[in-house]
Amino acid sequence: MPPEISAEKLRGVLEVVRLANAETDLGSLITLVTQQACALLSADRGSLYLLEKETGELRSSMALGLQGKTIRLKLDQGVAGLVATTGQPIVVDHAYADARFYRAVDEATGYRTEQILCVPIKGRRGEILGVLELLNKPTGFTPEDEAVLGLLASQAGVALANAQIYDGLRTNLDRLSRLMKVGTAISSELDLDALLRTISQTTSHLLQAERSTVFLVDRARGELWSRVAEGLDQQEIRIPMRVGIAGSVATAGTPVRISDAYTDPRFNPDVDKRTGFHTHNILCAPMRNARGQVIGVFQVLNKRGGDFTVLDEQLLSSLSSQAAVAIENAQLYDEVQRAYTELRVLDKMKSDFLNTVSHELRTPLAPILGYSEILLSGSMGQLPAGCRRGIEAIAESGKRLHAIVESLLIFVRLDQGEVALSREPVDLALALHKVVESFHAKADERKLQLAVEVVEGLPQVLADPQELQTALTHLVGNAAKFTLAGGRVTVAAKPTVEPDGRLAVEIAVRDTGGG
């Protein structure tokens, strides 16, 4: 039968639970629960261990009396490891007489453990989240103490799970924010050295590592060489492609996590010897371009406070992808600059060609059009009907060619920025009528109907009168050209309002032709 818990202790548990449920910061919650548990049960010290599923270890960064020290235990070490494994509480009255007691922690801290009360902390589905361990109560731990601590741990488990979720979300948001900053740096920086140095420094801070190094692949020489490496003071490091962890990652194209570098046969200590740096653990990921080719390796060294995790690996892979994009962007930028220079040369050649052709065509057109008009006017005598039709065809073709030449000249001037548009008030209704009137003769000849539809009270517009007339003439002329005999061409204008609220005038040329 479970021991009865006093009302005073129940009130104490409820108060701790109330405080725990109000705390969302994981570190503060662990400190709160540990301190309150020690105070509630009059224990000298306490520790709250969290179970790291990836490593299968218990880790405590909060142990009363051991400020600034982190304790790590395997699941087969000590009372805490046994409680995490079995999910059952354990009470020890004489620690050094119990074979389950793990003395290494006392030896490392100088503390002497006498009594132990350790209970599991479980989540909503009964999974082990960690253990809560209290040490040394002068009168010894009682069955009631075990029941109280078990009740407290069961309630704290919910708050702990919530805090872990919140802490994970906050960590992920922070990392995503930093990734976005790196992305911004990539999009705005085209100096490769400066760009990768920024990414390298950001990575070290983001992954809580001592150093980061970027190795690029030199396929011509079969080497990896570092262009950005923290702590190298601009030293360039070159290593054979297949040597070391970086070489292994570049060759295999898969990321690598190593807890102890010097015990891994792939580790090349030459760089450490050359720089005086000592590598403990390594996280290394390939950089791939858009075609999936490995173009470099991103290497991060010595994570503070532990080993690199799967989440760190995922984050570095994302950063490595962005670093690869930076390299590709720099190369593309150089290619674009070269292409732009070539394009400017070709564009100038095009403009010179059009300018020359336009003027060369314009010169012989003047006498052709002039003599055609003289002959058709009859001032040199009446022409036979057959000759007249031929000269009319010459005149019509000359006018079309003249229009093409003028269009080419306008295009050249616009392309070279030589056209300066003036802005002055224009009576649009009057301008539309003038343009339409100029096509009446041609419309009558082809039996076309021309119409102008203008809303009464149409406001004046600011425009270049000459260029506006040219544009309208081209629009109406194009419509008339492709409208069959008996068809209709309508030029309309009406006031309208732009999406930003400004007043404007909409001009439309409609025809009954095909298309």
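Figured I'd write up the structure that's included with this text. (Residues numbered from 1 in each chain as written. Predicted model: local features only at pLDDT ≥ 70, side-chain atom pairs only at ≥ 80, totals over all residues. Heavy atoms only, no water.)

## Re the side chain of T279
What counts, and what does not: Helix and strand definitions follow DSSP, with helices as H or I runs of at least four residues and strands as E runs of at least two, each counted in order from the N terminus. A simple rule labels every residue: compare its accessible area, found with a 1.4 Å probe on the protein chains alone, to the largest value its type can have, and call it buried under 20%, exposed over 50%, or partly exposed in between. Contacts are residue-level and defined by heavy atoms, with any inter-residue pair within 4.5 Å sufficient.
Following the sequence through the fold, T279 ends up in the loop between α8 (270-275) and β11 (282-288). Taking relative accessible area as the criterion, T279 reaches 2% and is therefore assigned buried. Residues contacting T279, with those up to four places away along its chain left out, are A261, Y262, F267, D272, L301 and N302.

## Here we look at the layout of surface pockets
What counts, and what does not: Lining residues are defined by having an atom within 4 Å of a point belonging to a cavity or pocket. Those points lie on a 1 Å grid over the protein atoms alone, cavities being sets where a 1.4 Å probe fits but cannot get out and pockets being open sets with protein on both sides within 12 Å along at least five of seven lines. Grid points are joined across faces, edges and corners, and a volume is the space filled by probe spheres set on the points. Residues are sorted three ways: Asp, Glu, Lys and Arg are charged, Ala, Val, Leu, Ile, Met, Phe, Trp, Tyr, Cys and Pro are nonpolar, and all the rest, Gly among them, are polar.
Its boundaries defined by the atoms lining it, the largest pocket holds a volume of some 1,800 Å³. Along the wall of the largest pocket there are 50 residues; nearest its centre are L26, E52, R59, D167 and T309. Mapped onto the lining of the largest pocket, the elements with two or more residues apiece are α2 (26-41), β1 (45-52), β2 (57-60), β6 (128-135), α5 (143-188), α6 (192-206), β10 (256-258) and α9 (310-377). Counting residues per element, the lining of the largest pocket draws most heavily on α5, which supplies 12 residues. Taken together, the residues that form the lining of the largest pocket break down as 18 nonpolar, 14 polar and 18 charged.

## Considerations on the packing of helix α11 (residues 428-437) against helix α13 (residues 465-481)
Note the cut-off: Here an axis means a line fitted to C-alpha atoms, over the contact stretch when the element is a helix, while the angle between two N-to-C directions is reported on a 0 to 180 degree scale. Should an angle fall under 35 degrees it is called roughly parallel, over 145 degrees roughly antiparallel, and 65 to 115 degrees roughly perpendicular, with every other angle called oblique. Handedness of a crossing follows from how the near helix is turned relative to the far one, being left-handed for an anticlockwise turn of less than a right angle and right-handed for a clockwise one.
Between α11 and α13, whose axes approach to 10 Å, the crossing angle comes to 45°. As the angle between them shows, α11 and α13 are arranged oblique. Here α11 and α13 pass one another in a crossing that is right-handed. Note on element contacts: α13 touches α11 through L468, Q469, L472, T473 and V476, opposite L428, L432 and V435. In terms of residue class, the contact of α11 with α13 is made up of 6 nonpolar, 2 polar and no charged.

## What to know about the environment of A385
By the secondary structure assignment, A385 is in helix α10 (residues 385-415). For A385, a relative accessible area of 52% puts it in the exposed group. With 59 residues separating them in the primary sequence, A385 and A326 have C-alpha atoms 75 Å apart.

## Brief notes about the state of the cysteines
To keep things clear, this is the line we draw: Count a disulfide wherever a pair of cysteine sulfur atoms falls within 2.5 Å.
A full pass over the atoms with the stated rule returns 0 disulfides. C118 carries a free sulfur, and the closest cysteine sulfur to it, the one in C38, is 12 Å from it. You can call C118 buried: its relative accessible area is 0%.

## Topic: α11
Because the α-helix completes a turn every 3.6 residues, residues three or four places apart line up on one side. Applicable threshold: To obtain the arc, one takes the directions from the helix axis to the C-beta atoms. N or O atoms within 3.5 Å of each other form a polar contact, as long as, within protein, one can give a hydrogen and the other can take it, and as long as residues adjacent in sequence are counted only when both atoms are side-chain atoms.
The set of residues buried in α11 consists of L428, A431, L432, V435 and V436. Looking straight down α11, one finds that the buried residues subtend no more than 130° of arc, so they occupy a single side. Of the residues in α11, the exposed ones pointing more than 90 degrees away from the buried face are K434 and E437. The backbone nitrogen of A429 lies 3.2 Å from a side-chain oxygen of the residue at the head of α11, namely D427.

## Section: the side chain of N289
Structurally, the position occupied by N289 is in the loop between β11 and β12 (294-303). By relative accessible area, which is 7% here, N289 ends up buried. Within the local environment of N289, its side chain forms a polar contact with the backbone nitrogen of Q293, the two atoms lying 2.9 Å apart.

## As for unusual backbone geometry
The bulk of non-glycine residues show a negative phi, and the bulk of peptide bonds are trans. Despite not being glycine, N302 shows a phi value in the positive range, around 60°. Summarising the element assignment, N302 is placed in strand β12. For N302, a relative accessible area of 2% corresponds to the buried category. The phi dihedral of K447 falls on the positive side, at around 55°, and the residue is not glycine. Mapped onto the elements of the fold, K447 is located in the loop between α12 (440-445) and β14 (449-454). You can call K447 exposed: its relative accessible area is 63%.

## Brief notes about the sheet that holds strand β16 (residues 488-497)
Just so we agree on the cut-off: DSSP bridges decide pairing: two strands pair if at least two such bridges lie between them.
Read across the sheet, 3 strands follow the order β14-β16-β17 without closing on themselves; strand pairing throughout is mixed. Unpaired on one side and paired on the other, β14 and β17 (503-511) mark the two borders of the sheet. Across the sheet, the axes of successive neighbouring strands diverge by a mean angle of 15°, strand direction being ignored. Those strands touched by α11 are β14, β16 and β17, and its axis lies near 180° from that of β14.

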